[in-house]
Amino acid sequence: MKRLLSIELQKIWKNRASRILTISYFILLSFIALIASIKFDIGQVKFHLAEHGIFNFPYIWHFNTYIAAILKLFLAIVIVSMMANEYSYGTLKQNLIDGMSKKEFILSKFLTVLLFAAVSTVFIFVMSLLLGLSFSAYTEPAIIFSDLEYLLAYFIKLTAFFSFCLFLGVLVKRSAFAIGFLLVWNIIESIIIGVLNYKVFPDNDDDRNFTKFLPLESMSNLIVEPFTRLSVIKNIETTIGGAVNIKDYGVHFSSIAIVLVWTVIFVLMSYKLLKKRDL
């Protein structure tokens, strides 16, 4: 496995575009820390975002993993390009000629997916820990290390999404078309969700029983938006007479299980497609 992973990392690092995108991704992740510096004054009203609980433990685990997941498209392009370049440069055929099996080939790609997801997760953990220790009003160990399931959800979400991108790269062969297909699929899911929500089940939430099984929607459900969870927003809702927010922000085993099943499906489909394809 170490040999397979080493081969893939060398391919990525020697490709200038992939190298720049990978570095840019982690630089952008570090920009989350700049949120702490957001300050503005409106008359006598002084607003400092870090003072409103955004970096409090354990909320920071939820907030940072959600924001970081938005940036995953950068590495998605790397994953898709990684597969597309195999066809463009003929390295796939050369690897097979050199003795690598198709199973080992897909395994090497999936190991790269796991590595990207793991490194991203560790990066977010360290950055969130440092930000929390600097700005959180709660620094008790029991509070600091609660809600760490968001990191697990983040890792699984990235792994599944990158596995989907890997499958698209195998399926389409061209990185631009693969990314385009990803965007089209996102639109298709949005249409399905809209039809079920507003036409089929307009008076209840039964549409969730179906939409939660869609691939991209199931990944999205792993980490729900954290903004309405902030106490400052809840206070505003109470002040203006808004309804009490009873939204479920937790990470659930059922959501994890659905995404893991999709991950297995994407990897197996990638292998089956490559196995049947005449190279």
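A few points on the structure. Keep in mind the model is a prediction, meaning the values are calculated, not measured.

Attention shifts here to the overall build of the protein chain. Looking only at helices and strands, one finds 13 helices and two strands in the protein chain. For the protein chain, the residues scored as buried account for 43% of the 279 residues in total. Counting contacts in the protein chain only where the partners sit at least 6 residues apart, residues at least 24 apart contribute 80% of the total. When the accessible surface of the protein chain is totalled, it reaches about 14,800 Å², and 67% of it is carbon and sulfur.

Two elements in contact, helix α6 (residues 102-135) and helix α8 (residues 149-172), have axes separated by 9 Å at closest approach and are oriented at 150°. Relative to α8, the crossing made by α6 is right-handed. Counting all contacts with α6, which are made through I106, K109, F110, V113, L114, F116, A117, A118, S120, T121, I124 and F125, the residues of α8 involved are L151, Y154, F155, L158, T159, F162, S163, L166 and V170. Across the contact of α6 with α8, the residue classes break down as 16 nonpolar, four polar and one charged.

Another point: the packing of aromatic side chains. One pair of aromatic rings is described through two measures. These are the centre distance and the angle between the planes. Summed over the entire model, instances satisfying the criterion amount to twelve aromatic pairs. Between F161 and F162, the aromatic rings sit 6.2 Å apart at their centres with planes inclined by 55°, giving tilted as the arrangement. Ring geometry for F167 versus F266: centroids 6.3 Å apart, planes at 25°, classification stacked. Pair noted here: F167 is in helix α8 and F266 is in helix α13 (residues 253-276), with a separation of 99 residues, a long-range link. Of the residues examined, F167 reaches a relative accessible area of 10% and is grouped as buried. When its relative accessible area of 3% is taken as the criterion, F266 is described as buried.

Quick look at the packing of helix α1 (residues 2-14) against helix α4 (residues 73-88) now. Across the interface, α1 lies against α4 with an axial gap of 11 Å and an inter-helix angle of 100°. When the axis of α1 is compared with that of α4, the two are roughly perpendicular. For the pair formed by α1 and α4, the contact residues are E8, K11 and I12 on the first element and V78, M82 and E86 on the second. Residue classes in the contact of α1 with α4 are distributed as three nonpolar, no polar and three charged.

With that settled, the discussion passes to helix α11 (residues 215-222). Summarising burial for α11: seven of the eight residues are buried, a large majority. Contacts from the buried residues of α11 go to α8, α9 (175-200), α10 (208-211) and α13.

If you check α13, its first and last C-alpha atoms are 35 Å apart, about what 24 residues at 1.5 Å a residue would give, namely 34 Å. By the burial criterion, the buried members of α13 are S255, I256, I258, V259, T263, F266, V267, S270 and L274. Next to the buried residues of α13 lie α4, α5 (91-97), α6, α8 and α11.

All right, on to the pattern of salt bridges then. Inspection of every chain in the model, using the stated rule, returns seven salt bridges. Between E8 and K11 there is a salt bridge; the shortest N-O distance is 3.6 Å. Here K11 and E8 lie together in helix α1, a separation of three residues that amounts to about one turn. With a relative accessible area of 24%, K11 lands in the partly exposed category. With a closest N to O distance of 3.2 Å, E217 and R208 form a salt bridge.

All right, on to unusual backbone geometry then. Look at the link from F57 to P58: it is a cis peptide, with omega at -5°. Phi at D147 is positive, roughly 65°, even though this residue is not glycine. Tracing the sequence through the fold places D147 in the loop between α7 (141-144) and α8.

So, about a nonpolar patch on the surface. A grouping of W13, I23, I27, F31 and L34 is seen on the molecular surface, where their side chains present a nonpolar patch of about 510 Å² in accessible area. Residue position: I27 is located in helix α2 (residues 16-30).

Along the chain, S163 falls in helix α8. On the accessibility criterion, S163 (0% relative accessible area) is buried. There is a polar contact of 2.7 Å between the side chain of S163 and the backbone oxygen of T159. In this view, S163 contacts F110, V113, T263, F266 and V267; residues no more than four positions away in its chain are not counted.

As for its position among the elements, T263 is in helix α13. Taking the relative accessible area as the measure of exposure, T263 reaches 6% and is therefore buried.

Rules used in this analysis
Residues numbered from 1 in each chain as written. Predicted model: local features only at pLDDT ≥ 70, side-chain atom pairs only at ≥ 80, totals over all residues. Heavy atoms only, no water. Helix = DSSP H or I, 4+ residues; strand = E, 2+ residues; numbered from the N terminus. Buried < 20%, exposed > 50% of the residue type's maximum accessible area, 1.4 Å probe, protein only. Contact = heavy atoms within 4.5 Å. Areas by Shrake-Rupley, 256 points an atom, 1.4 Å probe, with all protein chains shown as cover. Axes fitted to C-alpha atoms, helices over the stretch in contact; angles between N-to-C directions. Left-handed = near helix turned anticlockwise from the far one by under 90°. Nonpolar A, V, L, I, M, F, W, Y, C, P; charged D, E, K, R; others polar. Phe/Tyr/Trp six-rings, centres within 6.5 Å; stacked < 30°, edge-to-face > 60°. Parallel < 35°, antiparallel > 145°, perpendicular 65-115°, else oblique. Expected span 1.5 Å × (residues − 1). Salt bridge = Lys/Arg side-chain N within 4 Å of Asp/Glu carboxyl O. Patch = residues over 30% accessible without salt bridge, like charges linked within 9 Å, V, L, I, M, F, W, Y side chains within 5 Å. Polar contact = N/O pair within 3.5 Å; in protein donor to acceptor, adjacent residues only side chain to side chain.

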